[in-house]
Amino acid sequence: MPQFNGTLKHNEIFNAIYNMIISQQVFADNIADTKSTLADMSRVDGSLYGDTKLYYSTDVLKSIEWTNDAEAQNLLKLHRPEAPEVQAITIDQFRMIPLTVDNYLSKRAFSTEGTFSQFASQMLAWMRDTKKVYDATLFNSFVGTHEAGLENDGKGAKQQRTVTLPAEPTGDEINVEAYNRLVASAIAEDAADLLVELEDVSRDFNDYGNLRSYNAGDLVYVWNSEWVNKIKKLGEPTIFNKEGLIDKFAQHVLPARYFGNINTTSGTTGGTNITIRSRIEKDYNTVEPDKPGYDASKHIFPGDLLPANTAYEANETYSQDSSIVYKVYHKNSIPFMTAFETGTEFFNPRSLTQTHYLIWGYNALESLKNYPFITVKATNAE
């Protein structure tokens, strides 16, 4: 059926009158899951007093030879540690969700008080659901696109990791199942090696290059759904079943759309866009080249595809990358602070309208340089 245009149908017997509307129902089961698990895990307390949390990272000390009695003359020598690295996370982002409702003229569009109340209640519920969608999509897009160890004079470079998959077989008789098992085995082997490296003492997995080792239980594995679905078809129980890897495989799974590479320069999507997605919530203006004067605004949440022929700024979009298999980061890597969250309302006695506002503050997302944030990609052998 097409969109209802307000036209009633003539009665089959009495042409002068019209058939009535039987009922009106407002859908209330709109958002079943926002994939907010990762965002909720990373929440830390904010405050109305102050706006910044400081995180201090120190490095290992060193031992020296002890020289018996000769040490007496060194009694007053000072041994200061190196100055710590300090990273600031600041609450500097603020959002608002406004909504205007009324209890008078809009009621005329509904047949009963119950239906109108159902509609009004659902619209108010959308305010909290909208914030949940925003928080989840913003956080998931950050996890899927953030890369560490790129601009630190080589420090933490091992946070960029590539799994080399076996070369794809050629010829008429290709054993696809056997090849797929080799792919899964390569990923499993590399994941096992990575876990061993993270538990060892090294300077390779943080942006400061400080000496660290990590507890496997503190690491969060976020998998690309495309790879999880592929591996599950390859005999997961026989491959990911040793040394606790089964606990980390598919520990957290995000849709493939959240994984990609940030576009650091501005650009415009082509006539067909299937890869470029937004990292932010924004109204994008779409322009149709063959329609002079056409200019329509489309509202986009983080992770959504941009429309065709749409201009975007540097660092606000990313290109989806199916080669990203999974991300690994420390459970405390991404502090997500909330300064405040408050709901207010204003009644306008002249227009008989009531406007509700949901306002909150939070910090711009970034990972702590003291912890690992590893991107694992797959590439085929030559």
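By convention here, each chain's residues receive numbers from 1 onward along its written sequence. This being a predicted model, a pLDDT of at least 70 is required before a residue's local features are given, and a value of 80 or more before pairs of side-chain atoms are given or counted; all residues contribute to the totals for chains, interfaces and linings. In computing side-chain values, all of the structure's heavy atoms are included and hydrogens and water are not.

**Q** Would you explain the packing of aromatic side chains in this entry?
**A** To describe a pair of aromatic rings, you give the distance between the ring centres and the angle between the ring planes. Side-chain rings of Phe, Tyr and Trp, where Trp is taken by its six-membered ring, are said to pair if the distance between their centres is within 6.5 Å; with planes under 30 degrees apart they count as stacked, over 60 as edge-to-face, and otherwise as tilted. Taken as a whole, this structure holds twelve aromatic pairs when the rule is applied. Taking 5.1 Å as the distance between ring centres and 80° as the angle between the ring planes, the aromatic pair formed by Trp 223 and Phe 249 counts as edge-to-face. Pair noted here: Trp 223 is in strand β5 (residues 219-224) and Phe 249 is in the loop between α6 (245-248) and β6 (252-254), with a separation of 26 residues, a long-range link. Linked through ring pairs, Tyr 134, Phe 139, Phe 336, Trp 360 and Tyr 362 together constitute an aromatic cluster. Criterion for a charge above a ring: Lys NZ or Arg CZ within 6 Å of the ring centre, and within 35 degrees of the ring normal. The side chain of Lys 131 reaches across the aromatic face of Trp 360, ending 5.2 Å from its centre. Note that Lys 230 overlies the ring of Trp 227, its terminal NZ or CZ placed 4.3 Å from the centroid. To qualify as a helix, a DSSP run of H or I must reach at least 4 residues; to qualify as a strand, a run of E must reach at least 2; elements of each kind are numbered from the N terminus.

**Q** Explain helix α3 (residues 176-199) here, please?
**A** Since the α-helix packs 3.6 residues into each turn, any two residues three or four apart lie on the same face. End to end, α3 covers 35 Å across 24 residues, agreeing with the expected 34 Å (1.5 Å per residue, within 8%). Those residues of α3 not exposed but buried are Tyr 179, Val 183, Ala 184, Ala 186, Ile 187, Ala 188, Asp 190, Ala 191, Ala 192, Leu 194, Leu 195 and Leu 198. Each helix should span, by expectation, one fewer than its residue count multiplied by 1.5 Å. The buried label goes to any residue with under 20% of its type's maximum accessible area, the exposed label to any with over 50%, and the partly exposed label to all in between, with areas taken from a 1.4 Å probe on protein chains only.

**Q** How should the sheet that holds strand β9 (residues 276-278) be read in this particular structure?
**A** Picture the strands of a sheet paired through backbone hydrogen bonds; they go either parallel or antiparallel. Pairing between two strands requires that DSSP report at least two bridges joining them. Sheet architecture is open: three strands sit in the order β7-β13-β9, paired in antiparallel fashion. Each edge of the open sheet carries a strand with a single partner, namely β7 (260-262) and β9. Taken pair by pair, the neighbouring strands of this sheet meet at an average axis angle of 35°, ignoring direction. In the sheet, β9 pairs with strand β13 (residues 317-320) via three bridges, with the strands oriented antiparallel. If you follow Ser 278 over to β13, its bridge partner there is Thr 317. We call two residues in contact whenever any of their non-hydrogen atoms come within 4.5 Å of each other. What counts as an axis is a line fitted to C-alpha atoms, over the stretch in contact for a helix, and the angles between N-to-C directions run from 0 to 180 degrees. Docked against the sheet, helix α2 (residues 113-145) engages β7, β9 and β13, running at close to 90° with respect to β7.

**Q** How do you make sense of the nonpolar core when you look at a structure like this?
**A** If you look at soluble globular proteins, the nonpolar side chains tend to sit buried side by side. We define a nonpolar core as any set of buried Ala, Val, Leu, Ile, Met, Phe, Trp, Tyr and Cys residues linked to one another through side-chain atoms lying within 4.5 Å. Membership of the largest hydrophobic core comes to 29 residues, with the highest contact counts inside it found for Leu 38, Phe 139, Val 222, Tyr 329, Ile 334 and Leu 365. Put simply, the parts of the chain that give this core at least two residues each are α1 (37-41), β3 (85-102), α2, β5, β14 (324-330) and β16 (353-363). No other element matches the seven residues that α2 contributes to this core. Those residues within four positions of Tyr 329 in sequence are excluded, and the remaining contacts are Leu 38, Phe 139, Val 143, Asp 218, Leu 219, Val 220, Val 222, Ile 334, Pro 372 and Phe 373.

**Q** Teacher, can you tell me more about the pairing of β3 here?
**A** Side chains on a regular strand alternate between the two faces of the sheet. Bridging between strand β2 (residues 52-57) and β3 involves six bridges; their strand directions are antiparallel. Each bridged residue has a counterpart across the sheet, and for Thr 52 the counterpart in β3 is Thr 90. Summarising the sheet, β3 and β16 pair through eleven bridges and their orientation is antiparallel. Each residue of the ladder has a partner; that of Gln 93, found in β16, is Tyr 362.

**Q** Can you help me understand the pattern of salt bridges in this one?
**A** For side chains bearing opposite charge, pairing can occur when the charged atoms are close. Counted as salt bridges are all cases of a side-chain nitrogen of Lys or Arg within 4 Å of a carboxyl oxygen of Asp or Glu. By the definition in use, this model includes 16 salt bridges. As a salt-bridge pair, Lys 377 and Glu 147 come within 3.6 Å of each other at their nearest N and O atoms. Separated by 230 residues along the polypeptide, Lys 377 in strand β17 (residues 373-380) and Glu 147 in the loop between α2 and β4 (160-165) bring together distant segments of the chain. Residue classification places Glu 147 among the partly exposed residues on the basis of a relative accessible area of 22%. For the salt bridge of Asp 204 with Lys 158, the shortest nitrogen-to-oxygen distance reads 3.5 Å. You can see Asp 204 sitting in the loop between α3 and β5 and its partner Lys 158 sitting in the loop between α2 and β4, a full 46 residues away along the chain.

**Q** What's the story with α2 in this structure? I'm lost.
**A** If you check α2, its first and last C-alpha atoms are 47 Å apart, about what 33 residues at 1.5 Å a residue would give, namely 48 Å. By the largest-angle criterion, Met 127 marks the main kink of α2, which is about 30°. Working definition for bend: take the seven residues up to and ending at a residue and the seven starting at it, fit an axis to each, and measure the angle between the axes.

**Q** Teacher, can you tell me more about the confidence of the model for the chain here?
**A** Considering every residue of the chain, the mean pLDDT works out to 89; 92% of them sit at 70 or more. The predictor's confidence in any single residue is recorded as pLDDT, a number from 0 to 100. Ranking the elements of the chain by mean pLDDT puts helix α5 (residues 236-239) last with 56 and β13 first with 98.

**Q** What am I meant to see in the sheet that holds β3 here?
**A** In space, the five strands of this open sheet follow the order β1-β15-β16-β3-β2, with mixed pairing throughout. Of all the strands in the sheet, the pair left with one neighbour each is β1 (43-45) and β2. Pairs of neighbouring strands in the sheet enclose a mean axial angle of 35°, with direction left out of account. Inspection of the sheet shows strand β15 (residues 336-348) paired to β16 by ten bridges, in the antiparallel sense. In the strand pairing of β16, Phe 347 is matched with Gln 354. Along the sheet, α2 contacts β1, β3, β15 and β16; its crossing angle with β16, the most-contacted strand, is approximately 15°.

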